[in-house]
Amino acid sequence: MIRGLPRRIAGLFATLLAASFIIFAAVYAAPGDPAVLLSGSRQELTPEKLAAVRAEHHLDEPLVVQYGRWLWDGLQGDLGRSFQYRDHVADLIGARLPTTLELVAYATVFFVVLGVGSGVLAALRRGWVDSAVVGGTTLAASVPAFVAAIALVSLFGVRLGWFPVTGQGEGLAGRLHHLTLPAFALALSALAVISRVTRQAMAEAYASDHVEAARAAGQSERQIVVQHVLRNALGPIVTMCGLVMAGMLAGTVVVETAFGLSGIGSLLVSAITTHDFPVTQAVLLLMVIGYVVVTTLVDLVHPLIDPRVAPGGNPRSKPEGKTA
C-alpha cells in the first residue's frame, strides 16, 4: 500500500486538476456576461465600458489563460471576489463551511448508527424483523430529501413543536437541537443504503466456511457474530459509509435551503441564481475536493480493515503452488 501511495496521490491531483478545469469552463459557458455583472449596473453600459471591465478582470484573455490565472490564485488562497456580496469568496466559504461540516457530521452519526444497526438486526433476525427492515429502508430510499424535509418540518416542527425549523442555534446543545431535523432528512436515504449493504455483507459472512467451523468448534453465537461475521463484513460497510459521507456535501444543497441554514449548500444555490461565478466555481470545486479526498482515504484504509483485499480494492490472490 505504501509503494502505491505516490501513484494514488498523483491520480488524486490529476482528478482534481481535470475537475477544476471542467468546473471553470462550464461556469463561464453558462448564460450571462461576467463583465455586465462586474460593472455593477446595467444602465449606460457602452461597449467601451464593457471592454474596460473585461480588460481589468482579464476576461478578454483566452479561456486557458483565465483558467491558469484562476488556478494559480486559488492555490495561493485567493478564490476571487463575489459578484453579489462584493466580498472575498474565501471569507464567505469560511464563514459558512462550519455549519455544513456540522450538518454532515451529525447526519453521518445518524446513518452509521441507525443504518448499521438495522442492517445487523435484519441479518440476525430473519423473518418478520428482516422483512420490516427491508420494507422500511426501501421506503426511506424512495423519499427525496426535500420531501423528507417538508414532512419532518410539518410533523416535528409545526405540529409537535419539538424542534426548530430554521436557524443554526448557539452553543453545542442549541446547534444539535437545531440541526437534528436537517441531519435526519439528509441521512434518511443514506441510512437505507448502509442498512442494505450491512445486511448483505453480514449474510455473505454468515455463509462462509470458517463460520461453520467456528460453530462446530463450540463457539457461542455471540462470539461468532462479533469475531467472525461482523469483522469480515466490516470492510464493505466502512467503504460504503465513507462513500456516502463523501457525497453528502452535494446533498446539503436541498436540505440547507429547506431549513434556512447558512451553509455552503445554500450559498451555492444563491450563487447560481444570481450568476455569481466566482462563488459557484469555488463551492463546486470544494465539493469535488471533499469527495475525491474522502474516497481516496477510504480506498487506502480498506485493505487495513479487510486483509483479504489487496490495495486497489481487488481480492488478494493466493501464491502459486500453495493451497489453503
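Owing to the predicted nature of the structure, the values given are computational and were not obtained by experimental measurement. (Residues numbered from 1 in each chain as written. Predicted model: local features only at pLDDT ≥ 70, side-chain atom pairs only at ≥ 80, totals over all residues. Heavy atoms only, no water.)

### Overview of the overall build of the chain
- Tallying secondary structure elements over the chain gives 12 helices and two strands in all.
- Counting from the amino terminus, the chain carries its helices and strands in the arrangement α-α-α-α-α-α-α-α-α-α-α-α-β-β.
- Sorting the 324 residues of the chain into buried and exposed places 39% on the buried side.
- Summing over all exposed atoms, the chain offers an accessible surface of approximately 17,600 Å²; the carbon and sulfur share of this is 65%. (Helix = DSSP H or I, 4+ residues; strand = E, 2+ residues; numbered from the N terminus. Buried < 20%, exposed > 50% of the residue type's maximum accessible area, 1.4 Å probe, protein only. Areas by Shrake-Rupley, 256 points an atom, 1.4 Å probe, with all protein chains shown as cover.)

### Describing the packing of aromatic side chains
- All told, the structure shown has seven aromatic pairs when counted by the stated rule.
- For the ring pair F21 and Y67, a centre distance of 5.1 Å and an interplane angle of 90° mean the geometry is edge-to-face. Placement of the pair is F21 in helix α1 (residues 5-28) and Y67 in helix α4 (residues 63-75), with a sequence separation of 46 residues.
- Among the residues examined, Y67 registers a relative accessible area of 9% and is labelled buried.
- Following the ring pairs from residue to residue traces out a cluster consisting of F21, F24, Y67 and W70. (Phe/Tyr/Trp six-rings, centres within 6.5 Å; stacked < 30°, edge-to-face > 60°.)

### Considering the nonpolar core
- With 54 residues, the main nonpolar core has F111, M248, F259 and V283 as its most contacted residues.
- The set of elements that each furnish at least two residues to this core consists of α5 (89-124), α7 (145-159), α8 (171-206), α10 (221-259), α11 (264-273) and α12 (277-305).
- If you tally residues by element for this core, the top one is α8, at 15 residues.
- Leaving out residues up to four positions away in the same chain, F111 has contacts with V116, A187, A190, L191, I194, C241, V244, M245 and M248.
- If you look at the next biggest cluster of nonpolar residues, it comprises eight residues, including V27, W70, F83 and L285. (Core = buried A, V, L, I, M, F, W, Y, C linked by side-chain atoms within 4.5 Å. Contact = heavy atoms within 4.5 Å.)

### What to know about α11
- Every buried residue belonging to α11 is among I264, G265, S266, L267, L268 and A271, and all of these are buried.
- Positive backbone phi, approximately 55°, marks H275, located one or two places after α11.

### Topic: the packing of helix α6 (residues 128-142) against α8
- It is at 8 Å that the axes of α6 and α8 come closest, and there the two elements cross at 145°. In this structure, the crossing between α6 and α8 has a hand that is left-handed. Across the interface between the two elements, D130, V133, V134, T137, T138, A140 and A141 of α6 pack against L188, S189, A192, S195, R196 and R199 of α8.
- Here the residues of the contact of α6 with α8 sort into six nonpolar, four polar and three charged. (Axes fitted to C-alpha atoms, helices over the stretch in contact; angles between N-to-C directions. Left-handed = near helix turned anticlockwise from the far one by under 90°. Nonpolar A, V, L, I, M, F, W, Y, C, P; charged D, E, K, R; others polar.)

### Details of the side chain of E256
- With respect to the element layout, E256 can be found in helix α10.
- Lacking a salt bridge, the buried E256 has R96 as its closest oppositely charged neighbour, with an N-O distance of 6.4 Å.
- Of the polar contacts made by the side chain of E256, one reaches the side chain of T100; its length is 2.7 Å.
- Setting aside its immediate chain neighbours within four residues, E256 contacts T100, L103, L261, G263, I264, G265 and S266. (Lys, Arg positive; Asp, Glu negative; His and termini not counted. Salt bridge = Lys/Arg side-chain N within 4 Å of Asp/Glu carboxyl O. Polar contact = N/O pair within 3.5 Å; in protein donor to acceptor, adjacent residues only side chain to side chain.)

### Remarks on the UniProt feature "transmembrane region" (unreviewed entry) in the chain
- Here the UniProt feature "transmembrane region" (unreviewed entry) sits at residues 103-124, 131-156, 176-194, 237-259 and 279-298.
- Helix makes up 100% of residues 237-259 and strand makes up 0%, while its end C-alpha atoms are separated by 30 Å. (UniProt positions renumbered as here; feature names shortened; annotations may be inferred.)

### A word on the confidence of the model for the chain
- Residue-level pLDDT values for the chain average 78, and 82% of them are 70 or greater.
- For the chain, the element scoring lowest by mean pLDDT is strand β2 (residues 314-315), at 52; α5 scores highest, at 87.
- Within the model, the stretch residues 317-324 combines pLDDT values under 50 with one contact to residues more than four positions away or in other chains. (pLDDT = per-residue confidence, 0-100.)

### A short note on a nonpolar patch on the surface
- Where nonpolar side chains cluster on the molecular surface, the patch consists of F21, I22, L63 and V64 and spans about 360 Å² of accessible area.
- Breaking the nonpolar patch down by element, the ones donating at least two residues are α1 and α4.
- Residue classification places F21 among the partly exposed residues on the basis of a relative accessible area of 33%. (Patch = residues over 30% accessible without salt bridge, like charges linked within 9 Å, V, L, I, M, F, W, Y side chains within 5 Å.)

### So, the pattern of salt bridges
- Going through the model one piece at a time under the given rule, you end up with one salt bridge.
- Two residues, R175 and E102, come together in a salt bridge whose shortest N-O distance is 2.6 Å. Highlighted residues: R175 in helix α8 and E102 in helix α5, separated in sequence by 73 residues.
- Since its relative accessible area comes to 22%, R175 is described here as partly exposed.
- Look at E102 and you get partly exposed, because its relative accessible area is 31%.

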